[in-house]
Amino acid sequence: MLALGGLVLLFAPDELLPRAIPAFPAAASWIGQLIAAGWLGLAALNWTSRSTLLGGIYGRPVVLANAAFYFIGATTLVRVMLSDAHPLLLAWVAVPIALFAGVYAWLLFRGPLDSDVAHTRGATP
């Protein structure tokens, strides 16, 4: 999803951002491309580490990067939702981002499940 959103914002920010944000200036479409760079970078990080064990000390850079991204995204969206009248689409985006923030925070502090460790070592759970 990060890669898809990043590609859309990379190539069509001038179409998407004015529809998502009323009165968005067309000259500021570079902001969408800057966001796309971050999303595509995080998507590439996740893709290249898709076969590694995540949680605890394992894959800590990947888990920490995702936890920071989703936590910052969730708190920002909640702040916007509490301050202004917001479109319903914002709530549909905020809920999954908040859930991912919780999952990655859990992975960061708890670590992988024992069955994941056993599976990685080649043993059957």
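Residues numbered from 1 in each chain as written. Predicted model: local features only at pLDDT ≥ 70, side-chain atom pairs only at ≥ 80, totals over all residues. Heavy atoms only, no water.

Caption draft 1: The arrangement of the layout of surface pockets in detail. The computed volume of the largest pocket comes to approximately 1,400 Å³. If you trace the largest pocket, you find 35 residues lining it, with Leu9, Trp39, Leu77, Val93 and Ile97 closest to the centre. Looking at which element gives the most residues to the lining of the largest pocket, the answer is helix H5 (residues 88-110), with eight residues. For the lining of the largest pocket, the per-class residue count stands at 30 nonpolar, five polar and no charged. (1 Å grid on protein atoms, 1.4 Å probe; cavity = no way out; pocket = protein on both sides within 12 Å on 5 of 7 lines; lining within 4 Å. Points joined across faces, edges and corners; volume = space filled by probe spheres on them. Helix = DSSP H or I, 4+ residues; strand = E, 2+ residues; numbered from the N terminus. Nonpolar A, V, L, I, M, F, W, Y, C, P; charged D, E, K, R; others polar.)

Caption draft 2: The arrangement of the packing of aromatic side chains in detail. Tallying each qualifying case throughout the model produces three aromatic pairs. Look at Phe69 and Tyr70: their rings are 4.9 Å apart centre to centre, the planes differ by 75°, and that puts the pair in the edge-to-face class. The exposure class assigned to Tyr70 is buried, which follows from its relative accessible area of 9%. Relative to Tyr104, the ring of Tyr70 lies with its centre 5.8 Å away and its plane at 0°, an arrangement referred to as stacked. Of the two residues, Tyr70 sits in helix H4 (residues 60-83) while Tyr104 sits in helix H5, which places them 34 residues apart along the sequence. In this pair, the class of Tyr70 matches that of Tyr104, namely buried. What links up through ring pairs into an aromatic cluster is the set Phe69, Tyr70, Phe100 and Tyr104. (Phe/Tyr/Trp six-rings, centres within 6.5 Å; stacked < 30°, edge-to-face > 60°. Buried < 20%, exposed > 50% of the residue type's maximum accessible area, 1.4 Å probe, protein only.)

Caption draft 3: Expanded view of the nonpolar core. If you look at the biggest cluster of nonpolar residues, it comprises 15 residues, and the most contacted ones within it are Leu2, Val63, Tyr70, Leu77, Ile97, Tyr104 and Leu107. Elements supplying a minimum of two residues to this core: helix H3 (30-48), H4 and H5. Among the elements that line this core, the one with the most residues is H5, at seven residues. Other than its neighbours up to four places away in sequence, Tyr104 contacts Val63, Asn66, Ala67 and Tyr70. (Core = buried A, V, L, I, M, F, W, Y, C linked by side-chain atoms within 4.5 Å. Contact = heavy atoms within 4.5 Å.)

Caption draft 4: Region of interest: helix H1 (residues 2-11). Here H1 has its buried residues at Leu2, Gly5, Gly6 and Leu9. What you see down the axis of H1 is that its buried residues fit within an arc of 100°, all on one side. The outward face of H1, more than 90 degrees from its buried face, is lined by the exposed residues Leu4 and Phe11. On the buried face of H1, the contacting elements are helix H2 (13-20), H3 and H4. (Arc of directions from axis to C-beta.)

Caption draft 5: Just the confidence of the model for the chain, in detail. For the chain, the mean per-residue pLDDT works out to 86, and 97% of the residues sit at or above 70. Element-level mean pLDDT values for the chain span from 72 in helix H6 (residues 114-121) up to 93 in H3. (pLDDT = per-residue confidence, 0-100.)

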